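# Fold and geometry: a report
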Amino acid sequence: KKQQISVVYDRDLVGEIWPARPSVPKAKAWELDIKYAGRSRSDKLKSLWQDVQEAGADCHILTSLDDLAWLLNIRGGDVECCPVVLGFLLMDKSGVHLYTDEEKFSPALRRSLEKDGISFRPYLEVFADVNQIAAGSRVLVDPNKVSYAIVKNIPVNVQLLEAPNPTEHPKGVKTQAEQENERLA
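To start, this report covers the structure provided alongside it. (Residues numbered from 1 in each chain as written. Predicted model: local features only at pLDDT ≥ 70, side-chain atom pairs only at ≥ 80, totals over all residues. Heavy atoms only, no water.)

Take the overall build of the protein next. Each helix and strand counted, the protein has 9 helices and 8 strands in total. Seen through its C-alpha atoms, the protein measures out along the principal axes to roughly 60 × 45 × 35 Å. For the protein, with 185 residues in total, the buried portion stands at 39%. Taken as a whole, the protein presents about 11,000 Å² of accessible surface, with 53% of it coming from carbon and sulfur. (Helix = DSSP H or I, 4+ residues; strand = E, 2+ residues; numbered from the N terminus. Buried < 20%, exposed > 50% of the residue type's maximum accessible area, 1.4 Å probe, protein only. Areas by Shrake-Rupley, 256 points an atom, 1.4 Å probe, with all protein chains shown as cover.)

If you want it as structure tokens, here you go:
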């Protein structure tokens, strides 16, 4: 006998049964200086956009927090024992959109990110914005890292290109500065 099973992805079921659930962390974000990062944020963004286009995509959704931290040269305290900031990133022809709590970023850091073409969007707006991706678009996602809810919000007339995040390889190739900092650590 076949069972009719569906996955609910558009409701916070855990929040409904956990009344004293802790709020989303509010730890401040900070910029990782280039002397530690080894590459500028703008250089990484240009390389990523080139990789996205070479993969045949015109949009990329980045959901893994470590890739986000590496790409944007930012760190935070949203996850205990891991210096990351909660967020999502959507990159397309119109620019780079960071979905996070903007209040975590100092005015100076916000200006620095905006100077590199990054616009801030409210954290949960990612689902509505993904749902508005234009018909016929080709969206690159890492199937091992993207959330089910994000994938389900991508319109059916948008082509999904599944591949590892293009940030994985360059993140693993350490710059001279990163190698030196690891020796000093």
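Packing of helix H3 (residues 41-54) against helix H4 (residues 65-72) brings their axes to within 7 Å, and their N-to-C directions diverge by 120°. Relative to H4, the element H3 is oriented oblique. Judged by residue contacts, Arg-41, Lys-44, Leu-45 and Leu-48 of H3 engage Trp-70, Leu-71 and Leu-72 from H4. In terms of residue class, the contact of H3 with H4 is built from 5 nonpolar, no polar and 2 charged. (Axes fitted to C-alpha atoms, helices over the stretch in contact; angles between N-to-C directions. Parallel < 35°, antiparallel > 145°, perpendicular 65-115°, else oblique. Contact = heavy atoms within 4.5 Å. Nonpolar A, V, L, I, M, F, W, Y, C, P; charged D, E, K, R; others polar.)

Once that is clear, we can look at the pairing of strand S2 (residues 59-62). It is a general feature of regular strands that their side chains alternate between the two faces of the sheet. Because side chains alternate across S2, one face comprises the buried residues Cys-59 and Ile-61, and the other comprises His-60 and Leu-62, equally buried. When S2 meets strand S7 (residues 138-141), the two strands line up parallel, connected through 2 bridges. Within S7, the residue paired with Cys-59 across the bridge is Val-139. (Pairing = 2+ DSSP bridges.)

Right, let's get into the environment of Ile-118. Among the structural elements, Ile-118 can be located in strand S6 (residues 118-121). Measuring from C-alpha to C-alpha, the distance between Ile-118 and Val-96 comes to 4.9 Å, with 22 residues separating the pair along the chain. Not counting residues within four places of it along the chain, the set of residues in contact with Ile-118 comprises Arg-41, Leu-45, Leu-72, Val-96, Leu-98 and Leu-113.

Spatially, the 6 strands line up as an open sheet ordered S6-S5-S4-S2-S7-S8, and their pairing is mixed. Edge positions in the sheet fall to S6 and strand S8 (159-162), since each of these pairs with one other strand and no more. The average angle at which neighbouring strand axes cross in this sheet is 25°, direction not considered. Taken together, the 5 bridges between strand S4 (residues 88-92) and strand S5 (residues 95-99) define a ladder with antiparallel strand orientation.

Tallying each qualifying case throughout the model produces 16 salt bridges. Lys-145 is paired through a salt bridge with Glu-168; the nearest N and O atoms lie 3.0 Å apart. With Lys-145 in the loop between S7 and helix H7 (148-153) and Glu-168 in helix H8 (residues 168-172), this residue pair connects regions lying 23 residues apart in the sequence. Salt bridges sharing partners connect three or more residues here, namely Asp-66, Asp-67, Lys-145, Glu-168 and Lys-171. (Salt bridge = Lys/Arg side-chain N within 4 Å of Asp/Glu carboxyl O.)

What follows covers the pairing of S7. The pairing of S7 with S8 spans 4 bridges and is parallel. Residue Val-141 lies in a different strand from S8, and its bridge partner there is Glu-162. Taken together, S7, H7 and S8 form a β-α-β motif whose crossover is right-handed. (Right-handed = clockwise from strand over helix to strand, strands pointing away.)

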